[in-house]
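Observations on chain architecture
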Amino acid sequence: MSLTKAQAQKIASGLKPETRAFIAGSFRDASDGATFATINPATGETLAHVAHSTGSDVDRAVVAARRTFDDGAWSRAAPEGRKAVLLKLADLVREHREELAVLESLDSGKTITDCLHEIGNEVPTFFQWYAELADKSFGKVAPTGEENLALIVKEPAGVVGLVLPWNFPLLMAAWKLAPALAAGCSCIVKPAEQTPLTALRLAELAREAGVPDGALSVLPGLGETTGQAIGRHPDIDIVSFTGSTEVGAYFLRYAGESNLKVIGLEMGGKSPFIVLDDADLNDDLIEHAAMSAFWNGGQNCSANMRQLVDATLVEDFAERVIARAKNFFVGDPLDPETSIGAMVTAEHQDRVMSYIGKGKAEGARLLTGGDAFGPGCFIQPAVFADLTPDMTISREEIFGPVLGILPVKGMDEALQIARDSEYGLHASVFTRDIDRAIHMARRLPCGTVSVNGFSEGNVTTPFGGYRKSGSLSRDNGAEAMDQYLQTKTIWICTSQPGAA
């Protein structure tokens, strides 16, 4: 699945994106008429002015969501009915994958190659997987004596707010929407203000697929207004948030100051890429090292920028990683030859560049890259050597195309440094010894540990973090659907045997 640059540009020229909020089955302006600009980060040009949803708009969406939930049009529909709708939505995403991919590339700066892969493959797979799970999730009968019957049933939790990040706009919408809709919840989606356009288009497709009015609303807006209104709303039962640890803490506070709603968090990371002394330093390992740091321009919560390499391998590793980094082509996201697109905003580009400056100032040695250029928000992938565990770039999440090599002496030191982080989302371990691999994996406080490859798993495996990377909630897998279901016990007192 691919597009030439000319084909992508032709699709882009014909796009007329929806910019109004989607509430109760129809598009409408914000209640006060306010808008905000969404910018193409590759050019700096304004793509559209999008409705800035207010607290009144959130209220309106919640009223519609609660009414639909209570009426049972979606929440009490036969699971096979929800399954059929979500399967149709998966097909519609596949049908419109090129349009959606170009729209996402323009809005986010992501490469058209990545957008086509995510939207053509992963997004519909999530809707399809949870559609198939919808009629296979059920409760239990607890063991009791004959005088009672105890039923443990699963019921949709209610109205949920789904707050999305900007780095994988439509994919994260699918991660959250698919299990929540499959469970029978009514959903209110707030896309990131930097990337609202594909979520609004998805709302149109969901309506076409048969999602009832009110079961899905999409409210574009800023975090401090629309996001806070969702977090504080007294009639929202669950909020699932993916984004920064700082904002995740706000949602916990909002819940505590409102109705104690359930908060699911998937947040930042400072994930280690660990190369032990017995690892096979082949082309495959180097490719994983480079992609773990530079994929999506490093704008990835599980990016393995912190690369802990045994001192006996550092020199060879650095030389080969530098060569690979120099082969990344940074430029026009609509060009299929582009490896790394634009940073999402000029402000984010400045933030990443400030970290590169801190790395130099604190004594890390810049081996290649690290230059910003325009027009647009571009950064050449940077490789640092001679990191120490206390450096800023060793400890704080950069969220940009920066790879840092930190020499370690043996497995124990690698484990010690890897564990010395306030985050715990992901780790990669490379070794030819399965015992060492399992030893490391069991002792790394991370939600996902990938062995001999950089991978986040797939739709079947839970994804989430420890420590400041998240909470006990998980995206993906059956557990993701479980968090949108409430468990209820129905205790029935039956007649005694032989009673009249």
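As a reminder, the structure under discussion sits directly above these lines.
Residues numbered from 1 in each chain as written. Predicted model: local features only at pLDDT ≥ 70, side-chain atom pairs only at ≥ 80, totals over all residues. Heavy atoms only, no water.

1. Remarks on the overall build of the protein
Heads up, the rule is: A run of H or I in DSSP becomes a helix once it reaches four residues, and a run of E becomes a strand once it reaches two; helices and strands are each numbered from the N terminus. When we talk radius of gyration, it's over C-alpha atoms, and the globule rule is simply 2.2 Å times the number of residues to the 0.38. Exposure is judged per residue with a 1.4 Å probe applied to protein chains only, and the accessible area is read against the type maximum: over 50% gives exposed, under 20% gives buried, and values in between give partly exposed. Between two residues, a contact is recorded if the distance between any of their heavy atoms is within 4.5 Å. Here the Shrake-Rupley method, with its probe set to 1.4 Å, supplies the accessible areas, and only the displayed protein chains count as covering residues. Asp and Glu count as negative and Lys and Arg as positive, but His and the ends of the chain are not part of the count. Note that the charge is assigned to NZ on lysines, CZ on arginines, CG on aspartates and CD on glutamates.
In terms of helices and strands, the protein carries 16 helices and 23 strands. The C-alpha atoms of the protein give a radius of gyration of 24 Å, which matches the 23 Å a tight globule of 500 residues would have. Its C-alpha atoms put the protein at 85 × 60 × 45 Å along the principal axes. Counting only residues that meet the buried cut, the protein has 57% of its 500 residues in that class. A separation threshold of at least 6 residues defines the contact pool for the protein, and within that pool the share at least 24 residues apart is 74%. Of the roughly 19700 Å² of accessible surface on the protein, a fraction of 51% belongs to carbon and sulfur atoms. Across the protein, the mean location of the 45 positive side-chain charges is 3 Å away from that of the 64 negative side-chain charges.

2. Here we look at the sheet that holds strand E6 (residues 148-156)
In plain terms, the rule: At least two DSSP bridges between two strands are needed for those strands to be called paired. The angle between two axes is taken between their N-to-C directions and runs from 0 to 180 degrees, where each axis is a line fitted to C-alpha atoms and a helix contributes only its stretch in contact.
Spatial ordering of the open sheet is given by E5-E6-E23, a layout of three strands whose pairing is antiparallel. Two strands close off the open sheet at either side, each with one partner strand: strand E5 (140-142) and strand E23 (485-493). Here the strands of the sheet are splayed against their neighbours by 25° on average, with no regard to which way each runs. Pairing between E6 and E23: nine bridges, direction antiparallel. Paired with Glu-155 across the bridge in E23 is Gln-486.

3. Quick word on the pairing of strand E8 (residues 186-190)
Selection rule: Think of it like this: strands point away, you trace from the first strand over the helix to the second, and a clockwise trace means the crossover is right-handed.
The buried count for E8 comes to five of five residues, which makes it a mostly enclosed element. Of the two faces of E8, both are covered, the one formed by Ser-186, Ile-188 and Lys-190 as well as the one formed by Cys-187 and Val-189. Pairing geometry for strand E7 (residues 159-163) and E8, over five bridges, is parallel. The partner of Val-163 across the bridge, within E8, is Lys-190. Between the parallel elements E7 and E8, the chain passes through helix H6 (residues 169-183) in a crossover that is right-handed.

4. Considering the packing of aromatic side chains
Keep this limit in mind: Aromatic pairing here means that ring centres of Phe, Tyr or Trp (its six-membered ring) are within 6.5 Å. Orientation follows from the plane angle: under 30 degrees is stacked, over 60 is edge-to-face, and everything else is tilted.
A full pass over the atoms with the stated rule returns 13 aromatic pairs. Taking 5.0 Å as the distance between ring centres and 80° as the angle between the ring planes, the aromatic pair formed by Trp-129 and Tyr-130 counts as edge-to-face. Ring plane angle 80° and centroid distance 5.6 Å describe the contact between Phe-251 and Tyr-254, whose orientation is recorded as edge-to-face. Separated by three residues within a single helix, Phe-251 and Tyr-254 lie in helix H9 (residues 245-256), roughly one turn from each other. In this pair, the class of Phe-251 matches that of Tyr-254, namely buried.

5. Considering the pattern of salt bridges
Our working definition: Here, a salt bridge means any side-chain nitrogen of Lys or Arg that lies within 4 Å of a carboxyl oxygen of Asp or Glu.
Overall, the coordinates contain 24 salt bridges when judged by the stated rule. One salt bridge connects Glu-99 with Arg-201, and the closest N-O pair in it is separated by 2.6 Å. Remark: Arg-201 occurs in helix H7 (residues 197-209) and Glu-99 occurs in helix H4 (residues 97-108); sequence separation between them is 102 residues. Judged by its relative accessible area of 22%, Glu-99 is partly exposed. Arg-201 gets classed as buried once you look at its relative accessible area, which sits at 16%. Connected through salt bridges with shared partners, the residues Lys-83, Glu-132, Asp-135 and Lys-136 form a single ionic network.

6. Examining the sheet that holds strand E17 (residues 382-385)
What the seven strands build is an open sheet, ordered E14-E17-E18-E13-E12-E20-E21; its pairing is mixed. Two strands lie at the open edges of the sheet, namely strand E14 (365-368) and strand E21 (448-451), each paired on one side alone. Averaged over neighbouring strand pairs, the angle between their axes works out to 25° when direction is ignored. Pairing analysis gives three bridges linking E14 to E17, with the strands arranged antiparallel.

7. As for the nonpolar core
As a reminder of what qualifies: Definition of nonpolar core: a set of buried residues of the types Ala, Val, Leu, Ile, Met, Phe, Trp, Tyr and Cys, connected through side-chain atoms within 4.5 Å.
Core analysis: the biggest nonpolar cluster contains 78 residues, and Leu-89, Val-102, Phe-127, Tyr-130 and Leu-177 have the highest contact counts within it. If sequence neighbours within four positions are ignored, Leu-89 has contacts with Phe-127, Leu-202, Leu-205, Ala-206 and Ala-209. Ranked by size, the runner-up nonpolar core spans 30 residues in total, among them Met-305, Cys-377, Ile-379 and Phe-384.

8. As for the packing of helix H1 (residues 5-13) against H4
Counted only if it meets this: Any angle that is under 35 degrees is reported as roughly parallel, and any over 145 degrees as roughly antiparallel; angles of 65 to 115 degrees are reported as roughly perpendicular and all others as oblique. When residues are sorted by character, Ala, Val, Leu, Ile, Met, Phe, Trp, Tyr, Cys and Pro go into the nonpolar class, Asp, Glu, Lys and Arg into the charged class, and all the rest, Gly among them, into the polar class.
Contact geometry of H1 with H4 gives a least axis separation of 9 Å together with a crossing angle of 85°. Between H1 and H4, the crossing angle belongs to the class labelled roughly perpendicular. Within the contact between the two elements, H1 uses Ala-8, Ile-11 and Ala-12 and H4 uses Glu-98, Glu-99, Val-102 and Leu-106. Of the residues that constitute the contact of H1 with H4, the class distribution is five nonpolar, no polar and two charged.

9. Regarding helix H3 (residues 79-95)
Let me state the cut-off plainly: Take the number of residues in a helix, subtract one, and multiply by 1.5 Å to get its expected span.
Here H3 spans 24 Å end to end across 17 residues, near enough to the 24 Å set by a 1.5 Å rise per residue. Three or more residues of H3 are buried, namely Arg-82, Lys-83, Val-85, Leu-86, Leu-89, Ala-90, Leu-92 and Val-93. Check the buried side of H3 and you find it contacts H4, helix H5 (112-134), H6 and H7.

10. Quick look at unusual backbone geometry
With omega at 0°, the peptide bond leading from Gly-374 into Pro-375 counts as cis. Residues other than glycine seldom take positive phi values, yet Asn-452 does so here, at roughly 60°. Secondary-structure assignment places Asn-452 in the loop between E21 and strand E22 (466-467). The backbone of Arg-467 sits at a positive phi, close to 55°, despite the residue not being glycine. Residue placement: Arg-467 occurs in strand E22.

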